[in-house]
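Structural overview for review
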Amino acid sequence: MGEDKASTPNKGKDIDVGSASGIEMATNPDYYQNREREKATDILAKLDSEVKQMSFKRNGSECCIYRVPEPLRNVNLEAYSPLLISIGPLNRQNIRLEAMEKEKLKYFKKLTERDGMDKKKIIDILISIENQEERLRHCYSEKFNLIKSRDFVKMILLDAVFIIQFLLESKDHDNDPKNFEPRMTFDIREDLVLLENQLPFFIIQEIYDQVNPPSQDGTTIPFLDLAKCHFGKHKFSQGAETSPSVKGSRHFTDLLRNLMLNGAIQRSYIFYPIKLKYSAVMLRKAGVKFQVTQDKCLVNITFDKGVLTIPQLEVDHSFERLVRNIMALEQCCNPREAYVCSYIKFMDHLIDSAEDVGLLVRKGIILHGLGDDAAVSNMINHFCKNIGDNYTCFGDISRNISRHYENRFNHTKATLKLIYFPNIWRGTATVAAAILLILTFIQTIASVKWAF
């Protein structure tokens, strides 16, 4: 009995829920379901907050300046990093580039001292930038919430003025601005082509038109022509007509890509295409002839009746930075129309060694100043590392070249030509040897008949 009395209070506690919430848990079957819904709602709210804070492309039609993806950057960091000057917000915090900020101020001072430039006009330019600040921010793939509006507008103004003045002085002083040493001028030019180091064209154009208003006598050069003139050392930019794609360029990297593709043959872009499997030396042994064309559009490669026609490719020490940044732009913005990436992939398949480069050099297809064919081969063979190869516009050409190579008759013809008839002297010797062999054979037969 004592045990029963002692256990009675404990039994009472076991059935007592002890609170209103306990009663609700015990009597309301939807309680746990409501709790799960609240928890899920809280998780969703946190996810929404994180998404809003992350760096991403907010306006697909405006975004055109990107941070180079890490897989590409890790292949060659120096190819995407400014040497001397920061343009735009992506490299703004780079301490190594701070020295050039004083040069930007010097160029701004020159602007304020120009005829017709007064305080009112400078204020009008600043107001113009302020009115387009949101659009300008949307041109970059990252948010820059820590950059205050005043600092952002100031940055855009100084960078745009520097670009305008640098391009004008380059034109007026035979590509050698008087403010900089030749080495610095070269480095600045290199920096102006980097994907991460860009300002949208529309704001530079607007400031340029206010600083250099169009004249009735036509002496004021349009900004697009000034930019094309600045990049005139590239063969593909010389004498190019101002096509709609060139006019629609969004920044310098995009301009160079559009100039490179100006006049391109219309091709279909294929998913998972047949790749070129044979190098230049191998194709030559199958009778493929290599021919250079004066077409300035690099991607206008054709293959017809055993002749592979390729525009001349000029390779210098700045070629890698230019191409890598254009390829990065295509990977970020035009992955399904990456024509320059497709061209580099095709050349990568065509070139396996210095011997392949040497063959293309002899044919006039490659012109380089690197001093070593192996350097060109090594450069081209490393371009496509971490570049997706799902799409190309050279699938048809690659298939036709492979069919030509795999035809045994073409190998036989090529062998006869390359070994026995490479020139008139070898050919004459071959024919003479063949005639001598035939005569010897006839004489042998005749001798055998005479003996019997």
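Here the structure is shown first, and the text comes after it.
Residues numbered from 1 in each chain as written. Predicted model: local features only at pLDDT ≥ 70, side-chain atom pairs only at ≥ 80, totals over all residues. Heavy atoms only, no water.

Overview of helix α15 (residues 319-333)
Helix length check: α15 (15 residues) gives 21 Å between terminal C-alpha atoms against 21 Å at 1.5 Å per residue, within 8%. Of all 15 residues in α15, 11 are buried; the element is thus mostly enclosed. If you check which residues of α15 are buried, you get Phe-319, Arg-321, Leu-322, Val-323, Arg-324, Asn-325, Ile-326, Met-327, Ala-328, Leu-329 and Glu-330. Buried positions along α15 lie against α4 (70-73), α9 (182-191), α13 (252-260), β5 (313-315), α16 (339-350) and α18 (373-383). (Helix = DSSP H or I, 4+ residues; strand = E, 2+ residues; numbered from the N terminus. Expected span 1.5 Å × (residues − 1). Buried < 20%, exposed > 50% of the residue type's maximum accessible area, 1.4 Å probe, protein only. Contact = heavy atoms within 4.5 Å.)

Notes on the sheet that holds strand β4 (residues 307-311)
Sheet strands associate in pairs through backbone hydrogen bonding, adopting either a parallel or an antiparallel arrangement. Sheet architecture is open: three strands sit in the order β2-β4-β3, paired in mixed fashion. Each of the sheet's edge strands pairs with one partner strand only, and the pair in question is β2 (289-293) and β3 (302-304). Neighbouring strand axes in the sheet, compared pairwise and without regard to direction, differ in orientation by 25 degrees on average. By the bridge criterion, five bridges tie β2 to β4 in an arrangement that is parallel. Each bridged residue has a counterpart across the sheet, and for Lys-289 the counterpart in β4 is Val-307. (Pairing = 2+ DSSP bridges. Axes fitted to C-alpha atoms, helices over the stretch in contact; angles between N-to-C directions.)

A short note on the pairing of β4
Most of β4 sits inside the fold, with four of its five residues counted as buried. Across three bridges, the pairing between β3 and β4 is antiparallel. Bridge assignment links Phe-303 to a residue of β4, and that residue is Leu-308. A loop of two residues connects β3 with β4, the two strands running antiparallel in sequence, and Lys-305 in this loop sits at a positive phi of about 50 degrees.

A few points about the pattern of salt bridges
Evaluated as defined, the whole model comprises 21 salt bridges. We note a salt bridge from Arg-135 to Glu-62, for which the minimum N-O separation is 3.3 Å. Residue Arg-135 is found in helix α7 (residues 133-138), and its partner Glu-62 is found in the loop between α3 (31-53) and α4; the two are separated by 73 residues along the sequence. Overall, the relative accessible area of 36% leaves Arg-135 in the partly exposed class. Here Arg-183 ties to Asp-187 by a salt bridge, and the two come within 2.6 Å at their closest N and O atoms. With Arg-183 and Asp-187 both in helix α9 and four residues apart, the pair spans about one turn of that helix. (Salt bridge = Lys/Arg side-chain N within 4 Å of Asp/Glu carboxyl O.)

Remarks on the packing of aromatic side chains
In the structure shown here, the tally under the stated rule is 13 aromatic pairs. Look at Phe-319 and Phe-383: their rings are 6.0 Å apart centre to centre, the planes differ by 70 degrees, and that puts the pair in the edge-to-face class. Here Phe-319, found in helix α15, pairs with Phe-383, found in helix α18; they are 64 residues apart in sequence, far enough to count as distant. For the pair Phe-319 and Phe-383, a shared accessibility class is recorded, and that class is buried. (Phe/Tyr/Trp six-rings, centres within 6.5 Å; stacked < 30°, edge-to-face > 60°.)

Quick look at the nonpolar core
Phe-252, Phe-290, Leu-308, Phe-346 and Leu-350 are the most contacted members of the largest nonpolar core, which totals 114 residues. Looking at which element gives the most residues to this core, the answer is helix α8 (residues 149-172), with 13 residues. Not counting residues up to four positions away in its chain, the partners in contact with Phe-290 are Ala-280, Leu-283, Arg-284, Leu-308, Leu-350, Leu-359, Leu-360, Lys-363 and Ile-365. (Core = buried A, V, L, I, M, F, W, Y, C linked by side-chain atoms within 4.5 Å.)

Remarks on a nonpolar patch on the surface
On the surface, a cluster of nonpolar side chains totalling about 270 Å² of accessible area is made up of Ile-43, Leu-44 and Leu-47. Structurally, the position occupied by Ile-43 is in helix α3. Taking the relative accessible area as the measure of exposure, Ile-43 reaches 44% and is therefore partly exposed. (Patch = residues over 30% accessible without salt bridge, like charges linked within 9 Å, V, L, I, M, F, W, Y side chains within 5 Å. Areas by Shrake-Rupley, 256 points an atom, 1.4 Å probe, with all protein chains shown as cover.)

Comments concerning the packing of helix α6 (residues 119-131) against helix α10 (residues 201-211)
Where α6 meets α10, the closest approach of the two axes is 11 Å, and the angle between their N-to-C directions is 165 degrees. When the axis of α6 is compared with that of α10, the two are roughly antiparallel. Every pair of crossing elements has a handedness; the one defined by α6 and α10 is right-handed. Here Lys-121, Asp-124, Ile-125, Ser-128 and Ile-129 of α6 come into contact with α10, specifically with Ile-203, Glu-206, Ile-207, Gln-210 and Val-211. (Parallel < 35°, antiparallel > 145°, perpendicular 65-115°, else oblique. Left-handed = near helix turned anticlockwise from the far one by under 90°.)

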